[in-house]
Amino acid sequence: MKAVLLAAGYGTRLQRDVVSDSSGRFAHLAGTAKPLLPVGRCALISHWVRALSACGSVDGIYVVTNALYHAAFEEWAAHFQNVRILSDQTRSNDRLGAVACLQLAIKHDTLFKEDFSLTKVKERFSDLQAKCEDSCLVLSYQCRDQETHKYGILEVDSDLCVVCMKEKPLPSDTESRRACPCFYVLSKKSLPLLDTFLEEKKEAPIEEKDAPGNFLSWLIPRRPVYVHEISGRFDVGNLPSYIECDLFFREKLQDAESFMV
């Protein structure tokens, strides 16, 4: 299995917070790519590489970044034997879009809570593949009513097969509260559909193909997509959320060695 970590964003919200912070406590973070921010004892993205390497089913890890941070990622990756850095060649937010980055490598500024296990995800995906090789797997967790407008919300049947995904709906638009983070296990048979999707959307504005959720919504009617439930995630989008995540990893994480494995 190959793992693709999408790290081509520019972290503009977080960098803006760092620059405007009057305490000076976080000045050392200025100019650092979000996935390379220190979280606990290592960079945020290093938690993913360690867990993916330890789970035993991933034989290659590809990190897609941009030209601005490419050298920094290459320096970071020198400490890992199984990581390859790819660049989308952009230097500003006028970029290819996350789905095109997925195509370039054939996802991250997110870490999951302690109940998340790559081993359990692998077992669930293997069970689905044994029944149907077309099957794909995504994660979901319960969000609050006032948060539905922030996320893609999945509606599922009794077998936890996704019926549809509603993009940032109002609470009144759906009974579901299943938020879907950008963590997709795609079947081998579904990968060529990335090309099909981008070909269909080649004349569309970037907003229709940037977020991976756009591809997932397009994929759901074409391939069986199932849900693996988790309790939640850390979404490092601004300085307060980064501080919360870093504090958890420094002071509250019970078993750093087995985290996410």
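Within any chain, residue numbers begin from 1 and follow the written order of that chain's sequence. Selection of residues for local features in this predicted model requires a pLDDT of at least 70, selection of side-chain atom pairs for listing and counting requires 80 or more, and totals for whole chains, interfaces and linings are taken over all residues. Values reported for side chains reflect all heavy atoms of the structure, with hydrogen atoms and water molecules removed beforehand.

### Regarding the overall build of the chain
Moving on, step 1. Put simply, DSSP marks the helices as runs of H or I at least four residues long and the strands as runs of E at least two long, and each gets a number from the N terminus on. A tally of helices and strands in the chain yields eight helices and 13 strands.
Moving on, step 2. Its C-alpha atoms give the chain principal-axis dimensions of roughly 50 × 40 × 40 Å.
Moving on, step 3. Think of it in three bands: residues with accessible area under 20% of the maximum for their type are buried, residues over 50% are exposed, and the middle band is partly exposed, with areas taken using a 1.4 Å probe on protein chains only. Looking at the chain residue by residue over its 261 residues, the buried ones come to 51%.
Moving on, step 4. Each accessible area is a Shrake-Rupley result for a 1.4 Å probe, and residues are judged covered by the shown protein chains and nothing else. A total of about 13000 Å² of accessible surface is found on the chain, and carbon and sulfur atoms cover 48% of it.
Moving on, step 5. Only four residue types enter the tally: Lys and Arg on the positive side, Asp and Glu on the negative side; His and the chain ends are excluded. Just so you know, the charge point we use is NZ for Lys, CZ for Arg, CG for Asp and CD for Glu. Separation of charge centres in the chain, based on 32 positive and 36 negative side chains, amounts to 1 Å.

### Some words on the packing of helix α6 (residues 192-200) against helix α7 (residues 212-219)
The relative placement of two packed helices comes down to the angle between their axes together with the axis-to-axis distance.
Moving on, step 1. Structural elements are reduced to axes, namely lines fitted to C-alpha atoms, with helices fitted over the stretch in contact, and the angle between N-to-C directions of any two is expressed from 0 to 180 degrees. For the pair α6 and α7, interaxial distance at closest approach is 11 Å and the crossing angle is 105°. Judged by the angle between their axes, α6 and α7 are roughly perpendicular. Between α6 and α7, the residues in contact are Leu-193, Leu-194, Thr-196, Phe-197 and Glu-200 and Asn-214, Phe-215, Trp-218 and Leu-219, respectively.
Moving on, step 2. Grouping the amino acids of the contact of α6 with α7 by side-chain chemistry returns six nonpolar, two polar and one charged. Angles are sorted into four bins: roughly parallel if under 35 degrees, roughly antiparallel if over 145, roughly perpendicular if 65 to 115, and oblique for all others. Note on contacts: a residue pair qualifies if any of its non-hydrogen atoms lie within 4.5 Å across the two residues. In this classification, Asp, Glu, Lys and Arg are treated as charged, Ala, Val, Leu, Ile, Met, Phe, Trp, Tyr, Cys and Pro as nonpolar, and every other residue, Gly included, as polar.

### Regarding the domain arrangement of the chain
Interfaces are frequently sized by the accessible area removed from exposure as the parts join.
Moving on, step 1. The assigned domain composition of the chain is domain 1 (1-110 + 235-253) and domain 2 (113-233).
Moving on, step 2. The domain boundaries here were taken from an automatic or database domain assignment. Distance from the C-alpha centre of domain 1 to the C-alpha centre of domain 2: 21 Å.

### Concerning the environment of Arg-178
Moving on, step 1. Secondary-structure assignment places Arg-178 in strand β10 (residues 178-179).
Moving on, step 2. The class of Arg-178 is buried, set by a relative accessible area of 13%.

### Concerning the pairing of strand β8 (residues 152-156)
Moving on, step 1. Strand pairing requires that DSSP identify at least two bridges connecting the strands. Where β8 and strand β9 (residues 162-167) come together, five bridges link them in antiparallel fashion. The residue bridging Ile-153 from the neighbouring strand is Lys-166, located in β9.
Moving on, step 2. Between β8 and β9, which pair antiparallel in sequence order, lie five residues; one of them, Leu-160, sits at a positive phi of approximately 65°.
Moving on, step 3. Sheet analysis places β8 next to β10, joined by two bridges and oriented antiparallel. By the bridge assignment for β10, Leu-154 is matched with Arg-178.

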